[in-house]
Amino acid sequence: MAVSASKPLPHSAGYAAEQASWRVKQILLIAGVVALAIYYNTVGWKSPAAMGIGAVRTVPPWKWGLLDFIAVEAGFLVLIYFILRLTPTAMTIAKATFQETVRRKVLLVILIFALVAIAAVTIFSWLSLGEEEKFIRDIGLGAVLFFGMLISVVLGAWLIPLEIERKTIFTLLAKPVDRTQLILGKFVGTALTLGANVLAMWLVFTVAYYLKRHTVEEGQIWLSLLNNTKAIFLTYCALVLLASVAITVSILASQVVAVVVTFFVYFTGLLGGQLRHAGDELIELSKRTGNAFNAILGQSLKVVYWLLPRLDNFDISSRLVLEDPVGFNYMWQTIAWGILYTGAVLVIAWMFLDSREF
Amino acid sequence: MAIGDIIIETRELTKVYKPPFMGGKGHRAVNNLNINVRQGEVFGLVGPNGSGKTTTLKLLLGLLTPTSGTISVFGEPPRNIAVKHRIGFLPDGPYFYDHLNADELLDFYAKLFGMSKEQRRRRADELLAFVGLTEARHRRIREYSKGMVQRIGLAQALINDPDLLFLDEPTTGLDPIGARQMKEAIVRLREQGKTVFLCSHLLADVQAICDRVAIMNEGNLVRFGAVEELLSDTRYYVITVGDLAEEALGKAKEQQLSFTTPDQNGIHHFNASDADGVTRVVDFVRGVNGKILSIEEKMDTLEDVFVRAIKGE
Ligand SMILES: Nc1ncnc2c1ncn2[C@@H]1O[C@H](COP(=O)(O)OP(=O)(O)O)[C@@H](O)[C@H]1O
Ligand SMILES: [Mg+2]
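Residues numbered from 1 in each chain as written. Chains lettered and ligands numbered in written order. Predicted model: local features only at pLDDT ≥ 70, side-chain atom pairs only at ≥ 80, totals over all residues. Heavy atoms only, no water.

Q: Could you give an account of the domain arrangement of chain B, naming the residues involved and the relevant values?
A: Under the domain assignment, chain B is made up of domain 1 (6-231) and domain 2 (234-300). If you average the C-alpha positions of domain 1 of chain B and of domain 2 of chain B, the two centres end up 46 Å apart. (Domains from an automatic or database assignment.)

Below, the structure written as structure tokens:
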């Protein structure tokens, strides 16, 4: 005779207390998101430098359409949903992932290179021939993005494969951890580790920038530092997005493929609008010359453009140099797209992880 | 739920590993397996390397999806999270987050069960004492010997006080003392009322601690039953005899008695399969004025049964 009765799960009073304290944290986080949403929808969207206004840009401006409006509001909802879905289990995994990855040697080596490079920018700024501010920003923020990208690729691509290789995933999945929580926890842990790395880079860059520029800029220095911080925060969001791509590809293919794909996404994603522009030009050209090949190429470029994240929007160093203000609306519009993109990528990761065998 | 109820059941369970690329037949690692495990027993899944034991275990844990057939664990499909609250698992050649120490590792796993801080501490204390790692609890797992890793592995498998424990090759690779401690731990767990499902190719260990076994070979079930039952039809007797004359041996052959050639001391060993056979040998030896030195009851080991089963006898 087979048994089908399930024993009630051994939940204790302590467990209920932990659940309750986690609920409180969740509610606080969600309240924060709601506050942002209220701010955006009342005041924030009118802040200076709305999408495509005023900026002298090398690519055609990103036109503000209905889709963008939906995306911006959906970003809030997805973020809230994401926070709601996190369980104490996911947070336990996130914390463990953070503790483990933050001390991974490869990452520390990359970080040290990054910090040295960022600090060195100020030393070599005499090379800039007068355009010191531009030079420091371009190279410094560029270094944060580039080294950050290396860190997120290494971090993301090895996250799950390492767990499989070491067979620790067997013990994990034999515990009451469903695969949604596993992927969410791993992702949050990655985001935390990236955060710690970016924070270190931000600190070094801020100190270096201050030391080099505070006598020149005087009263302006704090505004400059704030702008740098905005730039680095957007970079961080782009890095989280890249890491989610690396995690996903590593689950459905392998580490190496994940590295290659993420590099590709990074480089072409930075081209962003230019890709679309080139696509439009090619289609125009084919209309004039009747060359079907150009039309196909142009359309495929536009398809690639739509599939790729707009990383160029996350890179605001050139805007800053042009004194083009970066308002809250620009920040959030960019981040909202990033959230939607990351969310979609994570859903794919979850689908593959769920059907995956170990 | 009472002792003896079936808590794991597989029906026509089959797993074919797909080849990495399209085409090809794939590898049939488990073929039409029908086994069941009862509450409160130590169940052994035995078979040579590559016979499909670990594959079966991973199917039972929901780490693999069956190609066909069904599995029920506590009446539920194995991927069910409620099932995970009641089981523990020690993988083959386990590896843990080795930057942690034993305390931190157990704390991590305990958190996954939603235990409170105080419960986690108490449970870690109990388990570290149970597996004898209390002294080493603050050392990193990286510094542990293989036996210690296996013991912390057992501790993490027990973190939720599971009703059902899955152990993959728990004694393989341990030194004799470590293997013995592991076996003693398993016996103690059975006494606590836990059901243990273990995979092993070490037959002496399985014979010593298992109530029932399933013998697998190349994915097929070749024997299944209580250890005693599998061994009981292998009982035989050896009668050691001295002072036999040459012509007496001729008579023995006529009577179709089975015996060995004498050793240096002129001692013969006669085999008999049952009590009647023993009487016949004894009568014969008396008739030819031989000396009976001893009569011993012998039994095959699980290993003998196993080897014959694998050879298809
Ligand atoms: N992931 C896998 N992919 C393909 N074949 C596998 C895989 N895992 C195990 N096998 C094969 O399945 C058979 C059974 O393996 P396994 O269950 O590990 O045996 P055991 O645990 O009894 O030693 C072996 O022939 C092994 O090579
Ligand atoms: Mg095995």
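Q: Could you give me a rundown of the side chain of T193 of chain A, with the residues and numbers involved?
A: Within the secondary structure, T193 of chain A sits in helix α7 (residues 179-217). In contact with T193 of chain A, not counting residues within four places along its chain, are T97, F98, T101, V102 and L155 of chain A. (Helix = DSSP H or I, 4+ residues; strand = E, 2+ residues; numbered from the N terminus. Contact = heavy atoms within 4.5 Å.)

Q: Kindly report on the site of ligand 1, identifying the contributing residues and their values.
A: All names here are of chain B. Neighbouring residues of ligand 1: Y17, H27, A29, P48, N49, G50, S51, G52, K53, T54 and T55. With respect to ligand 1, the backbone of G50 contributes an N or O atom lying 2.7 Å from an oxygen atom. Contact distances for ligand 1 include 2.9 Å between an oxygen atom and a backbone N or O atom of K53. Coverage of ligand 1 by the protein amounts to 61% of the 560 Å² it exposes when considered alone. Put simply, the parts of the chain that give the shell around ligand 1 at least two residues each are β2 (27-33) and α1 (53-61). Here the shell around ligand 1 gets three residues from one element, more than from any other, and that element is α1. (Near = heavy atom within 4 Å. Polar contact = N/O pair within 3.5 Å; in protein donor to acceptor, adjacent residues only side chain to side chain. Areas by Shrake-Rupley, 256 points an atom, 1.4 Å probe, with all protein chains shown as cover.)

Q: Requested: an account of the domain arrangement of chain A, with residues and values cited.
A: All names here are of chain A. Entries for chain A in the domain assignment read domain 1 (36-85 + 327-358) and domain 2 (96-234). Just the C-alpha atoms count here: the centres of domain 1 and domain 2 sit 21 Å apart. Together, the buried faces of domain 1 and domain 2 total about 1500 Å²; carbon and sulfur atoms form 80% of this surface. Across the contact surface, domain 1 and domain 2 share zero salt bridges. One can count five residue pairs in polar contact (both at pLDDT 80 or more) joining domain 1 with domain 2. Of all the secondary structure elements, the ones that give two or more residues to the side of domain 1 that touches domain 2 are α2 (66-85) and α14 (328-355). Top element by residues in the side of domain 1 that touches domain 2 is α14. It accounts for ten residues. Looking at the side of domain 1 that touches domain 2 residue by residue, the classes come out as nine nonpolar, two polar and three charged. (Buried area = accessible area lost by both parts, 1.4 Å probe. Salt bridge = Lys/Arg side-chain N within 4 Å of Asp/Glu carboxyl O. Nonpolar A, V, L, I, M, F, W, Y, C, P; charged D, E, K, R; others polar.)

Q: Report on a positive patch on the surface, specifying residues and quantitative values.
A: Where like charges cluster on the molecular surface, the positive patch consists of K25 and K95 of chain A together with K117 and R121 of chain B. Following the sequence through the fold, K25 of chain A ends up in helix α1 (residues 13-42). (Patch = residues over 30% accessible without salt bridge, like charges linked within 9 Å, V, L, I, M, F, W, Y side chains within 5 Å. Lys, Arg positive; Asp, Glu negative; His and termini not counted. Charge placed at Lys NZ, Arg CZ, Asp CG, Glu CD.)

Q: Break down the sheet that holds strand β14 (residues 291-298) of chain B for me, with residues and values.
A: Residues and elements named next belong to chain B. Here we have four strands laid out as an open sheet, ordered β12-β13-β11-β14, and antiparallel in their pairing. Of all strands in the sheet, those bounded by a partner on one side alone are β12 (258-259) and β14. With seven bridges joining them, strand β11 (residues 236-242) and β14 adopt antiparallel strand pairing. Paired with Y237 across the bridge in β14 is E297. (Pairing = 2+ DSSP bridges.)

Q: Please set out helix α3 (residues 102-112) of chain B residue by residue, giving values where relevant.
A: Residues and elements named next belong to chain B. Burial analysis of α3 places eight of its eleven residues in the buried class, the great majority of the element. Taken residue by residue, α3 has A102, D103, L105, L106, F108, Y109, A110 and L112 as its buried positions. Just downstream of α3, G114 is the residue with a positive phi angle, here 70 degrees. (Buried < 20%, exposed > 50% of the residue type's maximum accessible area, 1.4 Å probe, protein only.)

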